[in-house]
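Observations on the three-dimensional arrangement
Take a look at the letters that make up each chain.
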Amino acid sequence: MFQSNPFSISPSNRKIDPTRRRVTQARRPDGSPADNDRVEIGPTQLAFDEWQALGQQAPDLEALRHYRLGRMRAEIQKHDLAGLLLFDPLNIRYATDCTNMQLWITHNACRACYIPADGPVILWDFHGCDHLSEHLPLVSEVRHGAAFFYFEAGDRMAEFADRFAREIDDLMRQHSGGNRRLAVDKMEIPGVYAFEKLRVEVLPGQGVTEHARAIKDSNELNAMRCAIRASEAAVAEMEAVLRPGMTENALWAILHHGNIIRGGEWIETRLLSSGPRTNPWYQECGPRVIQDGDLVAFDTDLIGPYGYCSDFSRTWLCGEGQANTTQKELYKIAYEHITANRELLKPGVSFQELTEKALRLPEPYREQRYGVCYHGVGLCDEYPSIRYPEDFDSSGYGGQLEAGMVICVEAYVGAVGGREGVKLEDQVAITETGYENLVRYPFDSRLLD
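Residues numbered from 1 in each chain as written. Predicted model: local features only at pLDDT ≥ 70, side-chain atom pairs only at ≥ 80, totals over all residues. Heavy atoms only, no water.

**Details of the overall build of the chain**
- Within the chain, the regular secondary structure consists of 15 helices and 17 strands.
- Once the C-alpha set of the chain is aligned to its principal axes, its extents read approximately 75 × 50 × 45 Å.
- Taking all contacts inside the chain whose residues are at least 6 apart in sequence as the whole, residues at least 24 apart take part in 66%.
- For the chain, the exposed area adds up to about 18,600 Å²; of that, 51% sits on carbon and sulfur atoms.
- Separation between the mean location of the 48 positive side-chain charges and that of the 66 negative ones in the chain comes to 2 Å. (Helix = DSSP H or I, 4+ residues; strand = E, 2+ residues; numbered from the N terminus. Contact = heavy atoms within 4.5 Å. Areas by Shrake-Rupley, 256 points an atom, 1.4 Å probe, with all protein chains shown as cover. Lys, Arg positive; Asp, Glu negative; His and termini not counted. Charge placed at Lys NZ, Arg CZ, Asp CG, Glu CD.)

**Brief notes about the environment of Ser 273**
- Examined against the element boundaries, Ser 273 turns out to sit in strand β8 (residues 272-274).
- Sequence separation between Ser 273 and Cys 285 is 12 residues, and the spatial gap between their C-alpha atoms is 5.3 Å.
- With residues near it in sequence (within four places) discarded, Ser 273 still touches Glu 248, Thr 278, Trp 281, Gln 283, Leu 295, Val 296 and Ala 297.
- Looking at Ser 273, its side chain comes within polar contact range of the main-chain oxygen of Arg 277, at 3.3 Å. (Polar contact = N/O pair within 3.5 Å; in protein donor to acceptor, adjacent residues only side chain to side chain.)

**Let's talk about the sheet that holds strand β11 (residues 309-310)**
- Spatial strand order, β7-β10-β11: three strands in an open sheet with antiparallel pairing. Every other strand in the sheet has two partners, leaving β7 (266-267) and β11 as the edge strands with one partner each.
- In terms of strand pairing, strand β10 (residues 302-303) meets β11 through two bridges, oriented antiparallel. Across the sheet, Ile 303 pairs through a bridge with Cys 309, a residue of β11. (Pairing = 2+ DSSP bridges.)

**Comments concerning the packing of aromatic side chains**
- Summed over the entire model, instances satisfying the criterion amount to 16 aromatic pairs.
- Both rings, one in Phe 87 and one in Phe 148, keep their centres 6.0 Å apart while their planes meet at 85°; by these two values the pair is edge-to-face. Here Phe 148 lies in the loop between β4 (141-143) and α6 (150-153) and Phe 87 lies in the loop between β1 (83-86) and α4 (89-96), a separation of 61 residues in the sequence.
- Aromatic side chains Phe 149 and Phe 151 sit 6.2 Å apart centroid to centroid with 45° between the ring planes, which places their arrangement in the tilted category.
- A relative accessible area of 6% means that Phe 149 is categorised as buried.
- Using a relative accessible area of 59% as the deciding quantity, one classes Phe 151 as exposed.
- An aromatic cluster is built from Phe 87, Trp 124, Phe 148 and Phe 164, whose rings are joined through pairwise contacts.
- A cation sits over an aromatic face here: Arg 314 above Phe 443, 4.0 Å from the ring centre.
- Here the guanidinium or amino end of Lys 423 rests over the ring plane of Tyr 370, the centre of that ring lying 4.6 Å away. (Phe/Tyr/Trp six-rings, centres within 6.5 Å; stacked < 30°, edge-to-face > 60°. Buried < 20%, exposed > 50% of the residue type's maximum accessible area, 1.4 Å probe, protein only. Lys NZ or Arg CZ within 6 Å of the ring centre and 35° of its normal.)

**Observations concerning the packing of helix α10 (residues 218-241) against helix α11 (residues 248-261)**
- The N-to-C vectors of α10 and α11 enclose an angle of 150°; their axes lie 8 Å apart at closest approach. Taken together, the axes of α10 and α11 lie roughly antiparallel to each other. Of the two possible hands of crossing, α10 and α11 adopt the one that is right-handed. For the pair formed by α10 and α11, the contact residues are Ser 231, Ala 234, Val 235, Glu 237, Met 238 and Val 241 on the first element and Leu 251, Trp 252, Ile 254, Leu 255, Gly 258 and Asn 259 on the second. (Axes fitted to C-alpha atoms, helices over the stretch in contact; angles between N-to-C directions. Parallel < 35°, antiparallel > 145°, perpendicular 65-115°, else oblique. Left-handed = near helix turned anticlockwise from the far one by under 90°.)

**Let's talk about the pairing of strand β14 (residues 381-386)**
- In this structure, strand β13 (residues 374-377) lies alongside β14, joined through four bridges in antiparallel fashion. Bridging across to β14, Gly 376 finds its partner in Glu 382.
- The hairpin turn running from β13 into β14, its antiparallel successor, is three residues long.

As structure tokens, then:
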């Protein structure tokens, strides 16, 4: 058996001791311990109070964790894999519910997780962080030593990658017999070379993880609804303070604040713009001072409580005045676009059929169309991406909607050379018979008149 390396924690501590997980009688609505000093992050009391007032049920975290790991294992077995090796921190979160410096880890791949088709889940965490998963019963063992990117390893990248690959090889032999098929979601190049030397067949793992994550059960949908309810409260706080004379950055900071105080985690983008900066889209918020009568458009792209993405877009009119004719026309087109395209959503509909049947944008707005007509969402933007007709041949692919998927319906409407544009988006769960719009946040009535 392969011996532990200097980067592993000591053998006496490598196996997670269930007795080290704190047991408390007091529980929060999601089943987590009501311990003010607990290690794990999560929703604050403000969020729980708001959800209770709204009649929003919190998820059962224990059941959620078992469901998600089960989804991963089912895909592993479906593809006849010895196991699945994860470096993407969102995939690690999905499989284990363990979170650690998520944004930093995204560009510093020093965490990994190995899930065999049948056997213990092994987590490699950052040095000194083994305590972060002590409360998670599905993590069987914590190790160190998964980092072989240049910042960490320098000119020893190949050496560190070889050492890590031998650990995985050992686990494959222990738990998978002669199966040498290993799926990997993403990995530094030295890791590929290291596995090749061991005659491990490295296979693309992103399809495995994306299809596992695509289907949410009712409990997982409750976790997502909680994240959306929290983000809607933060968006309401942002709308309440919107005034001429404030900067885009000052307005966006309200959303960050509202997310964090409810136990949310981060925001993926800075997509808020005003006035002429709304056209073309994708101009992130900056120091521009918002003027009376400006359109203010934003996309939440927000990772809220439980790590779930709340991804909806709204456009507001700043000030107490009335919208002009052009602003109303842009808004009407965008609103009709997402409401009509939402009605096409149901199980069994193919991605190509959605592309072909979706309401087309009027010709003047097609050149600056959004990148997708629909896309999936879970812990972040996920499979599938469903294109506009103009993009299907170059970028589209096959598939069909299934009950349990969550799909965002997108629209950006802005003419080339126009002064402003409108961004709208809703987040929709596919049900057995159709869809449920998960977003309750209202549209701007002054722009709909």
